[in-house]
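Topology and contacts: notes
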Amino acid sequence: MKLNLTGRHFEITPNLRRHVDSKVSKFDKFNDLVLAGEIVLFKDHVNDIAEGRLHLRTAVIAAKGEGPDMYAAVTDLVDKLMVQLRRHEGKLHDRRRTRGGRIE
């Protein structure tokens, strides 16, 4: 998976990049679905915010994570993306299952 990591109005430290890479490695088990990803990190007046998009074969899913620091925001973002990714995979699995057989 190709990942584009961007920091808006601040520089991304090597520790933060390693944290993002370790969290994004959760998406490796969905390797056949996920083609590319984009994560944008920026600071709000109160919270740190991480926005992410995953480009799949058939769709694009997006989420926004917030936290008191950037590490918590990235963790929140990855958790939200995982929920959406599992839901999307379940829908694909259900469609494949009902397409071939009869429904009674």
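In case you missed it, the structure is sitting above this.
Basis of the calculations
For every chain, the first residue of its written sequence is number 1, and the numbers climb from 1 along that sequence. Where totals are concerned, whole chains, interfaces and linings use all residues; where local detail is concerned, this predicted model gives features only for residues with pLDDT of at least 70, and gives and counts side-chain atom pairs only at 80 or more. Note: side-chain values were computed over all heavy atoms of the structure, leaving out hydrogens and water. The numbering of helices and of strands both runs from the N terminus, where a helix is a DSSP run of H or I of at least 4 residues and a strand a run of E of at least 2. For each residue, the accessible area found with a 1.4 Å probe, counting protein chains only, is set against the maximum for its type, and the residue is called buried under 20%, exposed over 50%, and partly exposed in between. Any two residues having at least one pair of non-hydrogen atoms within 4.5 Å are treated as being in contact. With residues, only the protein chains shown are counted as cover, and all accessible areas are computed by Shrake-Rupley using a 1.4 Å probe. In this text, buried Ala, Val, Leu, Ile, Met, Phe, Trp, Tyr and Cys residues form a nonpolar core when linked through side-chain atoms within 4.5 Å. We call Phe, Tyr and Trp rings a pair once their centres come within 6.5 Å, taking the six-membered ring for Trp, and we label the pair stacked below 30 degrees between planes, edge-to-face above 60, and tilted otherwise. For a Lys NZ or an Arg CZ to count as sitting over a ring, it must be within 6 Å of the ring centre and within 35 degrees of the ring normal.

So, on to the overall build of the protein chain. Per the secondary structure count, the protein chain includes two helices and four strands. Across its three principal axes, the protein chain shows a C-alpha extent of roughly 55 × 25 × 15 Å. For the protein chain, the proportion of its 104 residues judged to be buried stands at 35%. The long-range share in the protein chain, meaning contacts at least 24 apart out of those at least 6 apart in sequence, stands at 49%. In the structure as shown, the protein chain presents an accessible area of about 6900 Å², 48% of it carried by carbon and sulfur atoms.

Our next topic: unusual backbone geometry. Of note, the phi angle at His9 is positive, near 65°, even though the residue is not glycine. Given the relative accessible area of 81%, His9 is considered exposed.

Counting residues in hydrophobic clusters, the biggest one holds 25 residues, and the most contacted among them are Phe27, Ile39, Leu41, Leu54, Leu56, Leu81 and Leu85. By residue number, the principal contributor to this core is helix α2 (residues 70-100), which donates nine residues.

The way to describe two aromatic rings as a pair is by their centre distance and the angle between their planes. One pass over the structure, following the stated rule, counts zero aromatic pairs. Above the face of the Phe10 ring, Lys43 is positioned so that its terminal group lies 5.5 Å from the ring centre.

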